[in-house]
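Summary of the model geometry
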Amino acid sequence: MSSENDTKRRAFEDDPRITAYALDELEGAERAEVEALLDEEPAAREFVAELREFSGVLSGALEAEYASGDAPLLSPAARAAIHSRADASGAVGASRPWWRRGRLIAASLVGLAGFGLAGTWWAQTQVADGFLVARLETAAPAARPMEQVPMRKSLTLSSPDGSIEYDLPALVQMEHADKALAPGEEVDLEEVEVSLVTNDPELRLRFMERARGLVDQTAGEPVLGDREVRMLDEYADELGVEFHLQPRSSGEGYDTILENDFLGVQRNPISTFSVDVDTAGYSNVRRFLRDGTLPPADAVRIEELVNYFPYDYALPKGEHPFAVDVEVGAAPWAPRHRLLRIGLRSSPLGTADRKPSNLVFLLDVSGSMDQPDKLPLVKQSLRMLVEEMDARDRVSIVVYAGAAGVVLEPTAGDYDLAILAALERLDAGGSTNGGEGIQRAYALARENFLEEGNNRVVLATDGDFNVGLTGEGELEDLIASEASSGVFLTVLGFGTGNLQDNRMEALADKGNGHYAYIDSLNEARKVLVGEVGASLETVAKDVKIQLEFNPDRVLAYRLIGYENRLLAAQDFADDTKDAGEIGAGHRVTALYEIVPAGESLAVPGWSAEFAAQQARTSSEGNAAVTPLSGLGELRLRYKQPQGTESRLLTQPLDDSLASFAELSDDTRFAAAVAGYGMLLRGSKYAGTARWRDVIDWAAGALGGDPGGYRTEFHGLAIEAQRLSAQRAERVKDR
Amino acid sequence: MNTREAATDLPPGETGGDWIHEALALYERPLLFYAARFCHDRERARDVVQETFLRLCRQRREAVEERLREWLFTVCRNCALDVARKEGRVNALTEEQERRRGSEPDSATRDVDVRDSVDHVLERMKALPDNQREALQLKFQHGLSYKEIARVTETSIGTVSWLIHAGLASLRERMVRSGQLGTGREARGLEA
């Protein structure tokens, strides 16, 4: 398609949005953007006119073909069969929808345990337990099995009068499995997505009822318009809940995140979660801001933002591969609350100590990768990584783009030229079929398995996983079983508009690796080169953190982020339960907001009834086996990279009387990043934090700023402030 | 797990099957066109389209009516793929080989001196990779929107946008190059 030897192509000629605009396929913000571009460049406008003219020619030709075509019609017998079947089915009962056919408001849904679903079934549009669900249909029987979507908890919805029950897994599956959805379902609004952040089913129900009422009142097509949105905004204020409104992002997939609430220590003295060192969330959010838009709330995984930065925690000294560093001080957005910052740091490996690596690059070279921020960036990134490798390492390259191909047989890491030449030759084109490629990649990895080494498949893609031969569940199983036999998976995301963020994270998770989003050469350098030990070398796996709080000192706590890493208390000691990995040189940070005993709990979502429950159970509370002192106890379990039994570390958690200003740079900076995350999500827990504050906290905690990342963050916070103000203006003007 | 609320709300005198007869009248030909390109075989195409409508008979009207066209194209496509797979005629590898062949620059294009612009376009389209051609067809021959095409072909809107963009650009370029299409740009000559 693009040939550099002819005329010099002007940028807009290679922009698919221009084509989409010419064909009247763009709407809303995108359309406005393109129009602005056209205003600036008359040549682009001419080009649009040419495109339209050409598409007219094309339509004309195709229509002429159709009109004159001699496609044989169905045989009379076939037609008769259809007609008689149609008449026979005429008596199928029609169900009364509870809601006039309208558009779905995407409610924040609780995540669920994954399982697959196939066959014929349907659901009605209704409001149940506060979840607004659209009519969902499949072809009968299902043309293909429903693809599985990783989910977390389960819930059964019943209609207000109890006459109909739905398993939420099925509904959520339809909601998120964008590729497996069959026609007939209604999932998204034309202009906006509305999501509500609350755990309280009562509030959700009332909000959704109001939303339904508003939509019903509109004449003609039921759409949530500006006026309705403003009314919903007011209503949400009345209820004391936060709701988001954002333009629908096309083509990208994010799991809904339901923020962690405050939990009372009487009923929930123990908090357990798996560590996470993915950083994709940060670079992905950065990409949105740089493109001039605020990110969708679900793309903001706070723990990934906080974990993006190198903190200067103490290095490990003893028998364990990492050290624990804890600090407590006042929470800047809620001065009567405490902020508990937990840090882990593993020792960086010197290059001499680095274990040899057996890497198989599995690269998406489908047509959609043919953009400057995709395949070319992949090549440059991998080039940088390869330059860090030496004779002990093995590198191979497998591509997937319809056919699986081995582009480079396993080659020693110091044969730079051979490897780089193979990378150079890669070209994008064709459609995607990830299944075969992955199998080939794992086979190569196993064939060249290094016993004491780091064996890994590194997948680089923009999100196309058309795994024609394998369903997503099978893919995950493959990845998980390979991981358990020592071949891990790292996922690198590139590009925009197609990013299957949730899926990539899930796959990296299953593969005992991590997921990073590469939006620039700098990021590539940071992830692949700077952290090459960390990216590739696991020093501890299945790392789990558990805190038990002392009810005498703590009333309630909230884990900031890690929503999709939560574990049940009993999972902590259960070695069959997987958790995250820590690589060499990694740092992991987790933040808790703590409400000290004696404080009254004035946090949103904490209704009077719940508080009463807390008081009631205080006398029968779960007593810790050994009485806790201070704030409580921190426990950590991990396994050695090839080990099967976990080892335990414990450490008491003491409070200090430190004010926010007295905390270390690292903690204050982490707090700024958490604040940034909460504001971007529109979190109701952001307390008194405003953008101005986040910017100030960051500015005051730049410290030595190795790598310049904190300064960059400061700039991003300013940008986010500007974009938020803009959006607030727009809403007001409606 | 799911319970149905059974109620028959049909007004007397109307058979529930009328809408299917109408659908058949409207979509028989377009689907046959679409399926024929997929199956490369007319008989199979007819089977596929018949199966599509038989499945339609099993649907509840309100369930499908609003998105009828999209539903029909999706199911038709799925059936065609199922048939092809069952017969082992196409596996992922051969599909890709066909595509590769299709995307090689001029090997598939005959250099016949065709005058008629309709034929020009159709000729050039044959040289496009399958997925680009399918997207262009669905858009320009069957009038589906990007969103519908994405659902029918089970890809994302971004991919569809790219496919159509690339397909159009490819067609235009070839036709400009072979002088079959004059453009303002060409008139201005090579431009910086």
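First things first, this report covers the structure right here in the doc. (Residues numbered from 1 in each chain as written. Chains lettered and ligands numbered in written order. Predicted model: local features only at pLDDT ≥ 70, side-chain atom pairs only at ≥ 80, totals over all residues. Heavy atoms only, no water.)

1. Focus: the overall build of chain B
The following threshold applies: Secondary structure elements are taken from DSSP: a helix is a run of H or I of four residues or more, a strand is a run of E of two residues or more, and numbering for both begins at the N terminus. Burial here depends on accessible area, computed with a 1.4 Å probe over protein chains only, as a share of the maximum for the residue type. Under 20% is buried, over 50% is exposed, and the range in between is partly exposed. Two residues form a contact once any of their heavy atoms are found within 4.5 Å. Note that accessible areas follow from Shrake-Rupley with a 1.4 Å probe, and for residues the cover is restricted to the protein chains shown.
Each helix and strand counted, chain B has ten helices and zero strands in total. Shown N-terminal to C-terminal, the secondary structure of chain B runs as helices and strands in the order α-α-α-α-α-α-α-α-α-α. Out of the 192 residues in chain B, the part that is buried amounts to 53%. For chain B, long-range pairs separated by at least 24 residues make up 65% of all intrachain contacts whose partners lie at least 6 apart in sequence. In the structure as shown, chain B presents an accessible area of about 8,900 Å², 49% of it carried by carbon and sulfur atoms.

2. Things to note about the packing of aromatic side chains
Residues and elements named next belong to chain A. Short version of the rule: Working definition: a ring pair exists when centres of Phe, Tyr or Trp rings (six-membered ring for Trp) sit within 6.5 Å. Plane angles under 30 degrees give stacked, over 60 give edge-to-face, the rest tilted. Placement of a charge over a ring requires the Lys NZ or Arg CZ to be within 6 Å of the ring centre, with the centre-to-atom vector within 35 degrees of the ring normal.
Inspection of the entire model under this criterion finds 20 aromatic pairs over all chains. With centroids separated by 5.8 Å and ring planes inclined at 85°, the aromatic side chains of Phe309 and Phe713 adopt a geometry described as edge-to-face. With Phe309 in the loop between helix H9 (302-306) and strand E11 (322-331) and Phe713 in helix H20 (residues 709-733), the pair connects residues that are 404 residues apart, well separated along the chain. In terms of burial, Phe309 and Phe713 fall into one category: buried. For the ring pair Tyr676 and Phe713, a centre distance of 4.7 Å and an interplane angle of 65° mean the geometry is edge-to-face. Of the two residues, Tyr676 is situated in helix H18 (residues 665-681) and Phe713 in helix H20; the sequence distance between them amounts to 37 residues. Residue classification places Phe713 among the buried positions, given a relative accessible area of 0%. Aromatic rings pair up to connect Tyr282, Tyr308, Phe309, Phe669, Tyr676, Trp691, Tyr709 and Phe713 into one cluster. Sitting above the plane of the Phe288 ring, Arg287 keeps its charged end 4.3 Å from the centroid. The residue whose ring lies beneath Arg710 is Phe669, and the NZ or CZ to ring-centre distance is 4.7 Å.

3. Some remarks on the pairing of strand E10 (residues 270-274) of chain A
All names here are of chain A. Under the convention used in this document: Two strands are counted as paired when DSSP detects at least two bridges linking them.
In terms of residue burial, E10 counts as a mostly covered element, since four of its five residues are buried. Bridging between E10 and strand E19 (residues 538-549) involves five bridges; their strand directions are antiparallel. By the bridge assignment for E19, Ser271 is matched with Leu547. One ladder, built from two bridges, connects E10 with strand E21 (residues 566-567); its direction is antiparallel.

4. Describing the pattern of salt bridges
Note the threshold: Each salt bridge in this description consists of a side-chain nitrogen of Lys or Arg and a carboxyl oxygen of Asp or Glu lying within 4 Å of one another.
The full count for this structure, using the stated rule, is 40 salt bridges over all chains. Measuring nitrogen to oxygen at the nearest pair gives 3.0 Å for the salt bridge that ties Asp39 of chain A to Arg45 of chain A. By relative accessible area, which is 58% here, Asp39 of chain A ends up exposed. A salt bridge links Glu70 of chain B to Arg67 of chain B; the nearest nitrogen and oxygen atoms lie 3.7 Å apart. Overlapping salt bridges bring together Arg286, Arg290, Asp519, Glu523 and Glu712 of chain A as one network.

5. Some words on the sheet that holds strand E9 (residues 263-264) of chain A
Sheet strands pair via backbone hydrogen bonds, and the direction of the pair is either parallel or antiparallel. All names here are of chain A. Sheet architecture is open: five strands sit in the order E9-E20-E23-E12-E11, paired in antiparallel fashion. This sheet does not close on itself; its edge strands, each paired only once, are E9 and E11. Where E9 meets strand E20 (residues 554-560), two bridges bridge the pair, whose relative direction is antiparallel. Its bridge partner lying in E20, Gly264 is registered against Ala556.

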